[in-house]
Amino acid sequence: MVDFKQPKYYVNREISWLAFNDRVLEEARDTANPLFERANFLAITQKNMDEWFMVRVASLQQQVMLGHDKVDAAGLTPKQQLDDVSAIAGQQIRDQYQVLTRSLLPALKREGLTLLKPEQLSKTQHNFLKHFFEQEILPVLTPMAVDSTRPFPFLANDTLNIGVRLKKSGEKSEKYLAFLQVPETFTRVIALPEEQQAILLEDVVQMFLAALFPGYTIKESMVFHILRDMELDVADDEDTPNILQEVQSKLQERERGRIIRVILSSTASKAFTAKLVKLLHVDEQRVYAVNGPIDLTFLNVWLKNNVNAQLKFLPFKGFNNPDLAPSRIFESIRAKDYLLHHPYDSFQSVLSFIQTAAQDNQVLAIKMTLYRVSGKSPIIKALGLAAQRGKQVTVLVEIKARFDEENNVHWARELEKQGVHVVYGLRGLKTHAKVTLIVRREEGDIRRYIHLGTGNYNDVTANFYTDLGLLTSDAELGADVASIFNILTGYSDPGYFHQLHMSPDGIREFIYEQINREIANVKAGKPAGIKMKFNSLSDERMVKHLYEASHAGVPIHLIVRGITILKVGISDVSETISVHSIVGRFLEHSRIYSFENDGNPKVYLSSADLMTRNLDRRVELLFPLKDDKLRDKVLEIFETMWQDNVKTRVLQADGQYEKKDRRGVARLNAQETFIEAAVRQTDQELKQQKLTEMTQRFEPLNNPFTNENEEEKS
C-alpha cells in the first residue's frame, strides 16, 4: 500500500506560488506580446509579489515569531519555508529588473518613450523641474530628522521613502539622518516638456534635496519602499458582537503592522543600508537591493496616457446575447438556461439581469452576495434603486474580502442608506459564493430566477478575468438558493439540497464521492476520467484523493492557473495526472469540475478552488449544469484550453513548467480562439439585425382594396 502522505510527494505552496509569478514574468519577456502589455505583465508581477509578501510571508514570519514548528505537506517548518522563499523571491526580483533594464526600457526607448535620469536632462528640462519642485513639490515635503530627541518616524505601508545622510557645515561628523516620504499627491511619473520624455518623482525630489536642509551638506540619499504585515485577523467570538466595527478597527491596526520587506537602490552604501535595516527592525534576508526604479507599478502610470494602439492588445468586446436584452431577459431564462463565458460573453447580461429586476414591477425581491465590486459599481446603484422602489432587497456584503475591506465597508453603508438590508458576512467564515436570487410574480405564481457564477460581481475585472456563469429558472436550483439565503441571513438548517453543494464540508465530501466513483469505474473497466480547472490546489487531503485515483489508473487532467502542491510523474502515485497552466491576456479564474461517470459526464461549476480555506472555512457553492448542451459546451471549452499550445505551460516531473513543443503542430491560443468565436457571433448578430431591419423596411403592403372587394361580395 502506497503512503500518499509522504512529504516527497508534495511541493511547498509558497514555492509553487513563486513559480506561478515567474510564469507571469515570462509574459513580460515574451516579444510576441505587444510592448505595452509586456510592461503591464511586469507591473502585475510586482503587485502580485507585494500582496504575497504582505499576507503569506507575513504569516510565515508570525509563525516563526510564535515558535510554531509544524511542518507543511512538503515537510518544511515555517522557518525553513521563510528562508527558502526569501531566497527564491530575491532571485525573482533580480529577474524582474533584468527584464526591465535589458529588455523593456530599451524597447520603449526605440518607440520614442524615454525615462530620463537627472544626469540626462537638458538645461531647459532642469529649469522646468526646478520651478516645478519649488512651486508644487517643496511645500508638501516633510523631512523628519532622527536623533536622540526625535525617534525614527512611522513610515506607512506600501510607500516610497527617501533616506538622507547629512553633514553639518563646520563639523567633521556625518552622523545626521533624515527621512521623508515621496508624496502620493502627485503622479509618480512627471512628463517633461519634450514629447514622450519623463522622469520619476523621487528623482526630482532627490535632485533638489538641498533646499530642505540649509546649513547641511547631503552626503548620500537613497530611495526605499516598505511593505508591512497586512494580514487581517478578526476575532470570531462572543466578545466581538459587532463584526463591522471589528473590521474597521483591525483595518486601522493593520496599517501599523510589522515591516515585512524593504526594497532599496543598489547604489546605497553598505553602512547606510545597515543603519536603515536596524531602524526598520526588518530581517536582512528580506531586504532587496535593485538596479532600477523601485516599485515597478510606475510602468502603469507612465504608459497609461501614452496610448499607441499598435503596442497593445487589439480591443475586444464580448458578445451581448440579444436573448438577454432587458425587454425579454426573464422570458428567455424562463424558456431555457443560459451559460455565460466571460469576457467572451459580455458581463452586461449579468448587469441587465439585476438592473431589469430593479425596475420590473413584477419583481418582489432581490437577494445576492457581494465579495468584490468595482469602485463605481452599477450593481450597487441598481440594488439601491430596487429598494427605493419598494422591493425587498437583501445583500450579503463580505467585509472581510482581503484588500477590499474598506471598499466593501463603504458600499455596505451606502446600501443601508438606500434601504437595503445588509448582512455583514458570517462569523468565522468568509462568504465567497457568487449568487443572485430574483423572486418574481408571474400570472399569480411565484418564480425564482437565479444567477450562479465562478467570479465576482465586478463589472471592471469581468473584462479581463475569465469566468463562467449560469442564468436559470430551474425550480430545484431556485429552492436550493432560497435555502442558502435563509442560512446566510437567519437561522436555518435545511438538511439537504436538491442540486447545490455548499462548503464548508459539503463540496469537499461531494468531490471525494465523485473521485471514488471514478476509481470504482476504472476498476470495473468502465470509462473513467477527471477534468478540473481552478486557480489553486493546496489542500493536502484533496491531493491525496487525486493520488489514489491516479494509482487506480484514472486519467486526470488539471488546468491550474496558480498554486499546485501536487507532483506529476511519480511512479504508482501520479503517473496518470497531467497539469497545465495557462497565463495569457486574460486571468484564468473560472472553476470547472467534471467527471466522466461511465460515459455520461457530470459537469459542475463552482466559486471554490481546491484550497483548505475554500473547502473548510468559506461559504462556497458548487452547482451542476443540468442542460446537456451547456454541459457539452463547458467540456468543449475545457478541451480547447487543454489543446492550447501557445500560452500553456505543462508541469514536469522535476517541478518545472515548460511550454508545449509546437513543431509540426498548428498554433492554438485558447483565449484568442474564444475571442474570434465571440467576434463572429457579434458579426452574425449585427448582420441578422440589419437583415431584419431591411425586411421590415421593404415589406410589401397588403392590397388596400381587399376589404372593399369583400364588402361588395357580401
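Residues numbered from 1 in each chain as written. Predicted model: local features only at pLDDT ≥ 70, side-chain atom pairs only at ≥ 80, totals over all residues. Heavy atoms only, no water.

Considering the overall build of the protein chain
The helix and strand tally for the protein chain stands at 19 helices and 27 strands. Since a compact globule built from 714 residues should have a radius of gyration of about 27 Å, the 29 Å found for the protein chain is in line with a globular shape. Here the C-alpha coordinates of the protein chain stretch approximately 120 × 80 × 65 Å along the principal axes. A total of 714 residues make up the protein chain; the buried ones form 53% of that total. In the protein chain, once contacts between residues fewer than 6 apart in sequence are set aside, the share between residues at least 24 apart is 74%. Split by element, the accessible area of the protein chain, about 33,200 Å² in all, is 48% carbon and sulfur. (Helix = DSSP H or I, 4+ residues; strand = E, 2+ residues; numbered from the N terminus. Rg over C-alpha atoms; globule rule 2.2 N^0.38 Å. Buried < 20%, exposed > 50% of the residue type's maximum accessible area, 1.4 Å probe, protein only. Contact = heavy atoms within 4.5 Å. Areas by Shrake-Rupley, 256 points an atom, 1.4 Å probe, with all protein chains shown as cover.)

Observations concerning the environment of Val583
Within the element layout of this structure, Val583 appears in the loop between β21 (577-582) and β22 (587-588). Separated by 563 residues in sequence, Val583 and Phe20 place their C-alpha atoms 8.8 Å apart. Each residue touching Val583, except ones within four places of it in the same chain, is listed here: Phe20, Arg23, Val24, Glu27, Lys647 and Arg649.

Points about the sheet that holds strand β8 (residues 259-265)
What the 6 strands build is an open sheet, ordered β2-β4-β3-β7-β8-β9; its pairing is mixed. Taken across any chain shown, the strands that pair with only one partner, and hence form the sheet edges, are β2 (144-146) and β9 (287-290). Across the sheet, the axes of successive neighbouring strands diverge by a mean angle of 30 degrees, strand direction being ignored. Where strand β3 (residues 159-168) meets strand β7 (residues 216-228), 10 bridges bridge the pair, whose relative direction is antiparallel. By the bridge assignment, Leu160 is partnered in β7 with His225. Strand contacts of helix α2 (residues 35-65): β7, β8 and β9, with the helix running at about 140 degrees to β8, the strand carrying the most contacts. The strands touched by helix α3 (residues 78-110) within the sheet are β8 and β9, with β9 carrying the most contacts at an inclination of about 15 degrees. (Pairing = 2+ DSSP bridges. Axes fitted to C-alpha atoms, helices over the stretch in contact; angles between N-to-C directions.)

Focus on the confidence of the model for the protein chain
Model confidence for the protein chain is summarised by a mean pLDDT of 91, while 93% of its residues fall at 70 or above. For the stretch residues 234-244, pLDDT sits under 50, and the model shows 23 contacts to residues farther than four places along the chain or on other chains. Confidence drops under a pLDDT of 50 for residues 250-254, and excluding neighbours within four residues, the segment shows 12 contacts in the predicted structure. (pLDDT = per-residue confidence, 0-100.)

Digging into the pairing of strand β12 (residues 392-397)
Counting buried positions along β12 gives 5 out of 6 residues, so the element sits mostly inside the fold. Note: strand β11 (residues 363-370) against β12, 6 bridges, orientation parallel. Along β12, the bridge assignment pairs Leu370 with Val397. With respect to chirality, the unit in which β11 leads through helix α11 (residues 378-388) into the neighbouring parallel β12 is right-handed. (Right-handed = clockwise from strand over helix to strand, strands pointing away.)

Concerning helix α4 (residues 123-137)
Along its 15 residues, α4 runs 20 Å from first to last C-alpha, staying within 8% of the 21 Å computed at 1.5 Å per residue. For α4, every residue scored as buried is listed here: Gln125, Leu129, Phe132, Phe133 and Ile137. Buried residues of α4, viewed axially, fall in a sector of 105 degrees; they line one side. Residues of α4 that are exposed and point more than 90 degrees away from the buried face comprise Lys123, Thr124 and His131. Considering only its buried residues, α4 is in contact with β5 (189-191), β6 (197-200) and α5 (201-207). (Expected span 1.5 Å × (residues − 1). Arc of directions from axis to C-beta.)

Let's talk about the side chain of His225
Following the sequence through the fold, His225 ends up in strand β7. Residue classification places His225 among the buried residues on the basis of a relative accessible area of 1%.

Overview of the packing of helix α14 (residues 506-523) against helix α15 (residues 540-552)
Axis separation between α14 and α15 bottoms out at 9 Å; the angle between their running directions is 10 degrees. The orientation of α14 relative to α15 falls into the category roughly parallel. Residues Arg508, Ile511, Tyr512, Ile515, Asn516, Ile519, Val522 and Lys523 of α14 form the contact with α15, whose own contacting residues are Arg541, Met542, His545, Leu546, Glu548, Ala549 and Ala552. (Parallel < 35°, antiparallel > 145°, perpendicular 65-115°, else oblique.)

Examining the sheet that holds β6
Spatially, β1-β6-β5 is the arrangement adopted by the 3 strands of the open sheet, whose pairing is mixed. Of all the strands in the sheet, the pair left with one neighbour each is β1 (114-115) and β5. In this sheet, β6 lies alongside β1 in parallel orientation, the contact comprising 2 bridges. Across the sheet, the residue bridging to Leu115 is Ala198, located in β6. Against the sheet, α4 makes contact with β5 and β6, and its axis sits at roughly 120 degrees relative to β5, the strand it touches most.

Brief notes about the packing of helix α10 (residues 348-359) against α11
Following both chains from N to C, one finds α10 and α11 inclined at 20 degrees, their axes separated by 8 Å at the closest point. As the angle between them shows, α10 and α11 are arranged roughly parallel. Remark: the crossing between α10 and α11 carries left-handed chirality. Across the interface between the two elements, Leu351, Ile354, Gln355, Ala358 and Gln359 from α10 touch Pro378, Ile379, Ala382, Leu383, Leu385 and Ala386 from α11. Among the residues forming the contact of α10 with α11, the class breakdown is 9 nonpolar, 2 polar and no charged. (Left-handed = near helix turned anticlockwise from the far one by under 90°. Nonpolar A, V, L, I, M, F, W, Y, C, P; charged D, E, K, R; others polar.)

Thoughts on the packing of aromatic side chains
Counted according to the given criterion, the structure contains 24 aromatic pairs. Taking 5.5 Å as the distance between ring centres and 80 degrees as the angle between the ring planes, the aromatic pair formed by Tyr176 and Tyr216 counts as edge-to-face. Of this pair, Tyr176 sits in strand β4 (residues 176-181) while Tyr216 sits in strand β7, and the two are 40 residues apart along the sequence. Tyr216 gets classed as partly exposed once you look at its relative accessible area, which sits at 30%. Seen from their ring centres, Phe534 and Tyr593 are 6.1 Å apart, and the 20 degrees between their planes marks the pair as stacked. Here Phe534 is found in strand β19 (residues 530-534), whereas its partner Tyr593 is found in strand β23 (residues 592-595), with 59 residues between them in sequence. For the pair shown, Phe534 and Tyr593 are each scored as buried. Among the aromatic residues, those joined into a cluster by ring pairs are Trp17, Phe20, Trp52, Phe53 and Tyr288. Here the basic side chain of Arg23 rests over the ring of Tyr657, its NZ or CZ set 3.9 Å away from the ring centre. For the cation-ring pair, Arg261 lies above Phe53, with the distance from its terminal atom to the ring centre recorded as 5.1 Å. (Phe/Tyr/Trp six-rings, centres within 6.5 Å; stacked < 30°, edge-to-face > 60°. Lys NZ or Arg CZ within 6 Å of the ring centre and 35° of its normal.)

Brief notes about the pattern of salt bridges
Summed over all chains, the structure comprises 34 salt bridges. A salt bridge links Asp50 to Arg261; the nearest nitrogen and oxygen atoms lie 2.8 Å apart. On the criterion of sequence distance, the pair formed by Asp50 in helix α2 and Arg261 in strand β8 is long-range, its members being 211 residues apart. Among the charged side chains, a salt-bridge network with shared partners connects Glu26, Glu27, Asp30, Lys647, Arg649 and Lys659. (Salt bridge = Lys/Arg side-chain N within 4 Å of Asp/Glu carboxyl O.)

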